[in-house]
Structure formats: C-alpha cells, structure tokens
Amino acid sequence: MNSTRLHDWHIAAGAKMAPFAGYEMPISYPTGALEEHLICRRSVGLFDIDHMGQVELSGPGADAFVSRIVSATVLDMKDWDARYSLLLSDEGTVIDDLFVYRLPGQWWIVINAGNRDVDLAWFKKHLPAGVTLVDKSDETYMIAIQGPRAIELMDAVSDRKVSGFPRFTSGELKIAGIPVLFGRTGYTGEDGGELFFPAEGAERLWKLLLGEGERLGIETRAIGLAARDSLRFEAGMPLHGHEITPSINPIEAGFKWACGLEKDFIGKQAVEAVMAAGAKRRLVGLEITGGVPREGYEVQSTAGEGIGECVAGMFCPTVKKYAANAFVAPAFAKLGTAVKVVIHGRPRDAIVVKRPLYVPAYRR
Amino acid sequence: MNIDKSARYRTSHEFARKDGAEFVAGISDHAQESLGDIVFVELPEVGKTIKQGETFGVVESVKAASDLYMPMSGRITAVNGDLAGDPALVNKDCYAKGWMIRFAPANPPEWDGLLDAAAYEKEAGKE
C-alpha cells in the first residue's frame, strides 16, 4: 500500500483512512463528510490528491501523438491551456479520463491513480519515435484547492494573481519559494484550481494554505475522498470506474463533447459506429424517494422490468436529495420519466432528472 | 465512547432500553461514531413482529448501508418519525432523540442475554 507525504498529517488530524487506488487515503476527517462537502461549497476545501499521476510528453512528434491518443481536440490549444479529454481503446471504450495541459515545449497529462499502469502501458504501446514520455507522478505532488474563496486565498499566498487566469488555463507561480504549476480546474464544480509542485514541499505548502486561510479569516479545511466524491457527483463530473469504464463508450455516457470528431484519434471509428447505430443505453441522473441508491442497484420500469443499473448513488448534501447516476435503456432516458430503483429488495420511486444536480453561483 | 448505562446491547451495536412495559432501541454511540454522518434510516412498519437477530431496518451513512438487527423479539409499536427529516439525530443523540423503534417484547427474558453496559463497552473497545 502506498501512502502520500501527508499521511502522518492526516492521521494526526484524526482522519478515517482507507485504501483507494493503491494508496491509503483520508476518507473523512473529524469534521465529517457532510460538513466537509458544505465547507467546500461555501468557502475553501483542500484536497490531498497526490495519488493522481502526471505524464510529460515532449519531442518533435508530441503534438501529433497527443492529438491521436486522446479523444479531445487539442491542437487548437494555446500554451498554458488545460482541457478535459478521454483516453479511448480501439473499441471506443473509456480507458481513463485525463486533463491535458499544453505547456511551452511539452504536454502535461494528469491521469487517475488507479489507471496509472494501464495508461502508461497504453501510451508506451503507441509511442512513436521522436516522442519522449516521462512519468512524473512520484516526484510531483498534487493538491486541489476548491471553493468560492479559493482564488482569493491563492492570490494572497502566491507571487502571481491567479484571479487573472481564465478557467481551464494554467500558469507558473511561487508560494513561499515553492515553484507551482497552477491549473484553474477542479473536480468539485467550484472555482479554484489544482497545484502541481515538487513533492518535498507537500507538508509545507499544505500547512501554509491552511494557516493563511485561518489568518485571513477564510474558512479553509482539509476535505477527504468521501466529500470529494459527493462534490463531483453533484457537479455532474464522472468518476472512472463508475460513469465511464473500459466497457462504456463516450456516446452512452454523454461525452460526445469530449471527442474531437473532426480529427483522427484512437477509438474514433468505434465512436462513430455507436453514433450511427444509436447508443444502447444512456447515462441519466435519477432522484429517488425513500432510500439511498448505490452502485449496482437495479433500475426498473414502473411495470417492473429491468431497464438498467445504478453506477453511483448517494445523498447529495448541497441539494439535499438522494440521487443516482444510472445507465438505462434509451426509451427511459427522457427527463421526467418515472422509473424504480430497487433498494434493499424493494422498488422505490425515482425520476429521471437533469444533470448536473448542482451548478455553482459563479457559473449560473 | 458514550454508553447509556441503563441500556443493554448486541455485539452488532444495537441497544435496547426498558421503557415501561415496552423497549426503545437504536444504535450505540460507538456505532454512530464508526459509521460517520448518517444520511438515511429505513425503519419498519408499526405493527410488524420481528424476531431477535432479524433485521428491523437499514442505516445509511455517506458511503455504506448497514443492516439493523432486532435486539429482542417483539412487535413494533412506534418508530421515530423525526429521523426521516433529520437522520443526523442518530449522530447527535443516539440514545434519546436519535432512537429508532419502540417494541412490545415477545420474549422478555431475551433481555438477560444482552450485554450490559460494562460488557458492551469492553466488547466495542476491542474494535
């Protein structure tokens, strides 16, 4: 089992720890997962996400290689732009989802912890001569800072004002002498960003952000993976292994927008074939009455026939609803359709609702 | 660990407490603490008869569902309707405002087989 450099800090803070993607990670702190979720929605949450991996690609063939191996259009990106993409198999199913940064002279690709080996093998399998791949995961630390006051806190501690960075762009800055690549992105729906920096600075930077938050009167708290999941779920973001997997294609999961169909990329033919034939199932949001839906629970029509399955489900703390993401037969995917979710052996009322369930104030 | 000394316990962390001729049941402070934030409690219908050790409901925390086991056999005479609107009452006050069910016992001597507060504290302390 791997652990991050903040492991001892998490333990000292009283975190409940559990294995996630091969790492022992904080699930929640004594603050409690629900309160952690709400703190991130009202002020600032800090997330230790060092389990995430980072890959650097460079060389004369790197532009063409990245464009071919990821689904999204990337060649129109300017230096410092950041963009969401999928990594697709030849069959057009989702190997992983990625954040692609175009930096001067190189591409910086952020991958999911649990898929690090698979992703690296896939990159290496397709790597042409003239492209250099370096796995930077171990030497790079990653912290997310998210919430309506995250940018205010960043501006206060950084030698550059990140408030000037448009959404989905990045830049280099220094915090107390630590060189940081800051991407104005995130996985909670809130404003904020993700920090990449040399791993040895992890504890110092983490404590500095918490301490400066307190000093400036900006409520800033460590947030565990349980709240990270409910935050991303409410904001309609996928978690690989749930809404997207190696047996799900982007069309059924609603990710056509992340496929640059005007260019060539691995998996494109398969994606186009699904588009031509029509998806056999659709990802929908469900709101449930009378129970908590969970991954694996069956979705039924009101007549009691099986029409799909939940891939994630929970209580959503901001919107105060019990909701699931589920794949259902296309005939049941229309907003407002009444269906059932079988919870503990009993079908409960559910309705197909619009995703995401939550849109933060700054994007309304 | 907060223990209600007047209650008795199952090793699965449900408590039962005498209340007149009936009993009140719920989950222990140790249980709510290890479950974390509780977001839903599914309770039985009033009038239902449930045997000792059978499930009477489900408690849902942020991440998981856990079955609730009947501490003694009995007929459900009331459930705590407040938990529908505020399941966190189980976290805040598990022995009083966070109670789950009342039941009329079918076999009162089962009480003697439950763990008393001291024995339960010792048992829960092992986890």
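Residues numbered from 1 in each chain as written. Chains lettered and ligands numbered in written order. Predicted model: local features only at pLDDT ≥ 70, side-chain atom pairs only at ≥ 80, totals over all residues. Heavy atoms only, no water.

1. Digging into the overall build of chain B
Looking only at helices and strands, chain B has 4 helices and 9 strands in total. Against the globule reference of 14 Å for 127 residues, chain B gives a C-alpha radius of gyration of 13 Å, in line with a compact fold. For the C-alpha atoms alone, the extent of chain B along its principal axes is close to 35 × 35 × 20 Å. Looking at chain B as a whole, 48% of its 127 residues are labelled buried. (Helix = DSSP H or I, 4+ residues; strand = E, 2+ residues; numbered from the N terminus. Rg over C-alpha atoms; globule rule 2.2 N^0.38 Å. Buried < 20%, exposed > 50% of the residue type's maximum accessible area, 1.4 Å probe, protein only.)

2. Focus: the pattern of salt bridges
What the rule picks out here adds up to 28 salt bridges over all chains. Note that R83 of chain A is salt-bridged to D76 of chain A, the shortest N-O span being 2.7 Å. On the accessibility criterion, D76 of chain A (47% relative accessible area) is partly exposed. Put simply, D138 of chain A and R116 of chain A hold a salt bridge, and the shortest N to O gap is 3.2 Å. Residue D138 of chain A is found in the loop between β9 (132–135) and β10 (140–146), and its partner R116 of chain A is found in helix α4 (residues 116–126); the two are separated by 22 residues along the sequence. Take D138 of chain A: its relative accessible area is 58%, and that puts it in the exposed class. Residue classification places R116 of chain A among the buried residues on the basis of a relative accessible area of 16%. Put simply, D229, R232 and E243 of chain A together with K63 of chain B are held in one network by salt bridges that share partners. (Salt bridge = Lys/Arg side-chain N within 4 Å of Asp/Glu carboxyl O.)

3. Remarks on the sheet that holds strand β3 (residues 23–28) of chain A
Residue and element names in this part refer to chain A. Judged by pairing direction, the sheet is mixed, and its 3 strands sit side by side in the order β1-β3-β2 without closing on themselves. Of all the strands in the sheet, the pair left with one neighbour each is β1 (2–3) and β2 (16–20). Across 5 bridges, the pairing between β2 and β3 is antiparallel. Bridge pairing in β3 places K16 opposite S28. The strands touched by helix α7 (residues 225–234) are β2 and β3; relative to β3, the strand with the most contacts, the crossing angle is about 70°. (Pairing = 2+ DSSP bridges. Contact = heavy atoms within 4.5 Å. Axes fitted to C-alpha atoms, helices over the stretch in contact; angles between N-to-C directions.)

4. Digging into the interface of chain A and chain B
Tallying the contact residues gives 16 residues for chain A and 15 residues for chain B. For the pairing of chain A and chain B, the buried interface totals around 1,200 Å² over both sides, and the portion due to carbon and sulfur atoms is 51%. If you sort the residues of chain A by the area they bury against chain B, K16, R294 and H344 of chain A come out on top, with a joint share of 38%. Applying the counting rule to chain A against chain B returns 3 salt bridges. Here D229 of chain A makes a salt bridge to K63 of chain B, at a shortest N to O gap of 2.9 Å. Run the count over chain A and chain B and you get 13 residue pairs in polar contact (both at pLDDT 80 or more). (Buried area = accessible area lost by both parts, 1.4 Å probe. Polar contact = N/O pair within 3.5 Å; in protein donor to acceptor, adjacent residues only side chain to side chain.)

5. Overview of the side chain of S89 of chain A
With respect to the helices, strands and loops of the structure, S89 of chain A is situated in the loop between β6 (82–88) and β7 (94–103). For S89 of chain A, the residues in contact, after removing those within four places along its chain, are I95, W122, I266 and G267 of chain A.

6. With respect to the environment of G32 of chain A
Residues and elements named next belong to chain A. Among the secondary structure elements, G32 is positioned in the loop between β3 and α2 (33–42). Looking at G32, the relative accessible area reads 10%, which means it is buried. As a C-alpha pair, G32 and G224 span 192 residues in sequence and 8.9 Å in three-dimensional space.

7. Details of α2 of chain A
Here α2 of chain A lies mainly inside the structure; 7 of its 10 residues are buried. Taken together, the buried positions of α2 of chain A are occupied by A33, L34, E36, H37, I39, C40 and R41 of chain A.

8. Let's talk about the pairing of β3 of chain A
All names here are of chain A. Pairing analysis gives 2 bridges linking β1 to β3, with the strands arranged parallel. Paired with S3 across the bridge in β3 is E24. With antiparallel pairing between neighbouring strands as the criterion, β2 and β3 make up a hairpin whose turn holds 2 residues, including A21 at a positive phi of roughly 50°.

9. Concerning the packing of helix α5 (residues 150–157) of chain A against helix α6 (residues 202–215) of chain A
Residues and elements named next belong to chain A. Two elements in contact, α5 and α6, have axes whose closest approach is 10 Å; the angle formed by their N-to-C orientations is 105°. With respect to α6, the axis of α5 lies roughly perpendicular. The segment α5 lies against α6, with L153, M154 and V157 engaging L208, L209, E212 and G213. (Parallel < 35°, antiparallel > 145°, perpendicular 65-115°, else oblique.)

10. So, the packing of aromatic side chains
Residues and elements named next belong to chain A. Tallying each qualifying case throughout the model produces 19 aromatic pairs over all chains. Here the aromatic residues Y84, F99, Y101, W108, F168, F196, F255 and W257 are joined through ring pairs into a cluster of three or more. Between R281 and the ring centre of F327, over which it is positioned, the NZ or CZ distance is 5.1 Å. (Phe/Tyr/Trp six-rings, centres within 6.5 Å; stacked < 30°, edge-to-face > 60°. Lys NZ or Arg CZ within 6 Å of the ring centre and 35° of its normal.)

11. Things to note about helix α8 (residues 268–277) of chain A
Residue pairs spaced three or four apart in an α-helix point in one direction, given the helix's 3.6 residues per turn. Residue and element names in this part refer to chain A. Among the residues making up α8, those that are buried are K268, A270, V271 and V274. The buried residues of α8 occupy one face: seen down the axis, they fall within an arc of 165°. Away from its buried face, by an angle of more than 90 degrees, α8 presents the exposed residues Q269, A276 and A277. Those residues of α8 that are buried are in contact with β6. Among the residues trailing α8, G278 stands out with phi positive, at a value near 90°. (Arc of directions from axis to C-beta.)

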